[in-house]
Amino acid sequence: MLALSFIREHPEVVRAGAARKGEEAPVDAILELDREHRTALAEVEGMRAEMGRRSAELGKSARSEPAAADQARQSLAGLKSRISELDAKRKLLWDRLEELLLLVPNPPHQSVPQGVGDEDNVVVRTWGERPHFDFQPRTHYDLGEQLGIFDFERAVKISGSRFAMLRGKGARLERALSWLMLDLATRDHGYEEVAPPYMVSRECMVGTANLPKFEEDAFHVVEGDRFLIPTAEVPVTNMYRGEVLDGARLPIRHVAWTPCWRSEAGAPGKDTRGYIRLHQFSKVELVKFVHPEESLAELESLVQDAESVLQALGIHYRVRLMCSGDMGFAQWKKYDIDAYAPGLDRFLEVSSCSVFGDFQARRANIRFRTGGGRPEFVHTLNGSALALPRTLDCLLETYQTAAGTVVIPEALRPYLGAMTEIS
RNA sequence: GGGGAGGUGGCUGAGUGGCCGAAAGCGCCCGCCUGCUAAGCGGGUGACGGGGGUUAACCUCGUCCGAGGGUUCGAAUCCCUCCCUUCCCGCCA
């Protein structure tokens with residue numbers, strides 16, 4: 001959410017920012033409502049001030065002059081009903097204003113390239129090289145089926161399409177990957193691990209801007225009006241909702257390994273084959289709360305922290321700076337990390353790292369205070385490090401052998417009882 | 001699920017109808033003192049929003065004592081609903 005005062009003072013910036021994202025912000029409606037609301041507010045407050053004054057006088061004189069007090073009581077009752085009538089109208093204006101404010105997208109940072117879609121994203125670096133095979137590399141789903149580590153058919157039998165199941169060494173391999181990711185984050189990069197709830201309240205979803213605009217993307221649990229988390233970003237960012245943090249504690253870094261649920265309603269027919277796009281998948285997520293001046297630098301280090309996983313695994317990847325039209329509603333600046341899958345011969349998005357400025361902090365009311373100063377909004381960031389299914393896919397396809405087995409990369413062996421190969 | 005107690009500022013915690021945006025302490029800020037540090041002494045210090053202002057300091061008005069309603073001229077204080085915390089009982093991995 002943007003500050004109303006910011007929209008008031010820079011309406012053209014807000015309009016242009018939305019346009020860069022290919023969206024529209026209801027700026028004119030907001031400004032009009034804001035004017036009406038402030039007029040009403042001034043009137044109501046003036047009447048309240050008078051009410052308060054006369055009420056206090058009445059309290060003092062009630063005993064000494066009972067007749068006059070009675071008359072004052074009646075006239076105040078009239079004033080009171082006029083106030084509540086006017087205030088009800090004022091409240092209506094405010095509610096509409098708040099609804100519209102939640103629909104204004106975060107304008108992209110100036111360093112974000114202008115663009116409308118995937119082709120306008122900018123590759124900022126690549127790491128490693130495409131692995132070379134002297135045979136035709138298989139896809140992860142062919143490999144996995146032959147090795148008996150995927151059981152897609154039974155997953156569909158149990159839960160329907162877009163659900164998957166790992167078994168045996170596959171399940172263990174994904175767990176090992178998760179543990180490696182958690183260890184890198186906690187041991188090497190200073191993140192505190194948290195194990196958050198997998199269901200959250202509506203308020204949390206609004207705080208991270210998954211609601212109200214994107215309700216159809218999430219699974220709703222009717223009982224208790226809760227939502228299955230689409231990412232650990234939601235519970236972890238909301239950990240400090242409504243709090244004033246000690247500025248000396250910043251930056252706060254958290255890592256969480258959780259399942260994620262997404263309805264994927266807007267993606268029919270895309271990536272239907274394989275272990276790629278699922279209603280439920282597991283992910284290691286990094287979340288940071290930082291000083292406003294440091295947030296852009298913290299984004300760079302966040303991306304590096306995510307990259308370190310692929311480097312440890314020796315998987316070829318590229319980092320792309322997302323163009324304005326390919327960013328989300330709430331993001332200020334965003335990088336994607338795409339790992340290469342030789343069998344599919346394409347890059348798979350395994351991470352998305354974003355900085356939100358104070359956009360989420362404003363919605364969730366997360367502030368900090370340094371010394372005796374006034375509270376300020378923190379800046380929030382998050383990124384996957386990494387999404388498990390696609391990382392597993394790239395690993396299988398990268399480390400496959402001509403015989404159809406998969407060699408375990410060195411970094412993972414300690415987590416697999418020194419297993420060197422899946423066969 | 002049943003019954004009791006409770007939710008007050010960054011934190012702890014007083015406050016049962018007007019003198020309360022709220023005692024006291026902690027923390028924090030400024031100053032003094034102490035040749036370091038700690039302690040001590042004095043003063044200051046809630047948030048959000050509107051209006052004014054040389055747009056900074058500041059002045060002024062309103063709202064806020066878990067959330068939402070209600071009673072009253074007037075509510076942190078009384079009533080109702082909900083949420084949460086905690087204790088006892090029941091149930092249960």
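Residues numbered from 1 in each chain as written. Chains lettered and ligands numbered in written order. Predicted model: local features only at pLDDT ≥ 70, side-chain atom pairs only at ≥ 80, totals over all residues. Heavy atoms only, no water.

(A) Representation of the protein's contact with RNA strand B within the structure. Around RNA strand B sit 20 residues in total, of which Arg38, Ser55, Leu58, Gly371 and Gly372 are the nearest. The sugar-phosphate share of atoms of RNA strand B within 4 Å of the protein amounts to 73%. Contact between RNA strand B and glutamate 45: a base nitrogen at 3.3 Å from a side-chain N or O atom of the residue. One of the backbone nitrogen or oxygen atoms of serine 55 is found 2.8 Å away from a base nitrogen of RNA strand B. Of all the secondary structure elements, the ones that give two or more residues to the surface near RNA strand B are helix 3 (27–61), helix 4 (66–101) and strand 12 (367–369). For the surface near RNA strand B, the leading source of residues is helix 3, giving nine residues. Taken together, the residues of the surface near RNA strand B break down into seven nonpolar, four polar and nine charged. (Near = heavy atom within 4 Å. Polar contact = N/O pair within 3.5 Å; in protein donor to acceptor, adjacent residues only side chain to side chain. Helix = DSSP H or I, 4+ residues; strand = E, 2+ residues; numbered from the N terminus. Nonpolar A, V, L, I, M, F, W, Y, C, P; charged D, E, K, R; others polar.)

(B) A look at the domain arrangement of chain A. Entries for chain A in the domain assignment read domain 1 (4–101) and domain 2 (118–422). Using C-alpha coordinates to define each centre, domain 1 is positioned 45 Å away from domain 2. (Domains from an automatic or database assignment.)

(C) Structural view of the sheet that holds strand 13 (residues 376–377). The strand order across the open sheet built from three strands is 6-12-13, with neighbouring strands paired in mixed fashion. Two strands lie at the open edges of the sheet, namely strand 6 (244–246) and strand 13, each paired on one side alone. In this sheet, strand 13 lies alongside strand 12 in antiparallel orientation, the contact comprising two bridges. Pairing of phenylalanine 368 across the sheet is with glutamate 376, part of strand 13. (Pairing = 2+ DSSP bridges.)

(D) The arrangement of the packing of aromatic side chains in detail. The full count for this structure, using the stated rule, is ten aromatic pairs. Between tyrosine 198 and tryptophan 261 the ring centres are 6.1 Å apart and the planes differ by 55°, which places this aromatic pair in the tilted class. On the criterion of sequence distance, the pair formed by tyrosine 198 in the loop between strand 2 (192–193) and strand 3 (199–201) and tryptophan 261 in strand 7 (residues 252–261) is long-range, its members being 63 residues apart. Residue tyrosine 198 is classed as partly exposed on the basis of its relative accessible area, which comes to 39%. A network of ring pairs unites the aromatic residues Phe150, Phe152 and Tyr275 as a single cluster. Its guanidinium or amino end placed over the ring of phenylalanine 347, arginine 318 lies 4.2 Å from that ring's centre, counting from NZ or CZ. (Phe/Tyr/Trp six-rings, centres within 6.5 Å; stacked < 30°, edge-to-face > 60°. Buried < 20%, exposed > 50% of the residue type's maximum accessible area, 1.4 Å probe, protein only. Lys NZ or Arg CZ within 6 Å of the ring centre and 35° of its normal.)

(E) Region of the structure containing the environment of glutamate 12. In this fold, glutamate 12 is placed in helix 2 (residues 11–20). Overall, the relative accessible area of 45% leaves glutamate 12 in the partly exposed class. Spatially, the C-alpha atoms of glutamate 12 and proline 105 are 13 Å apart, while their sequence positions differ by 93 residues.

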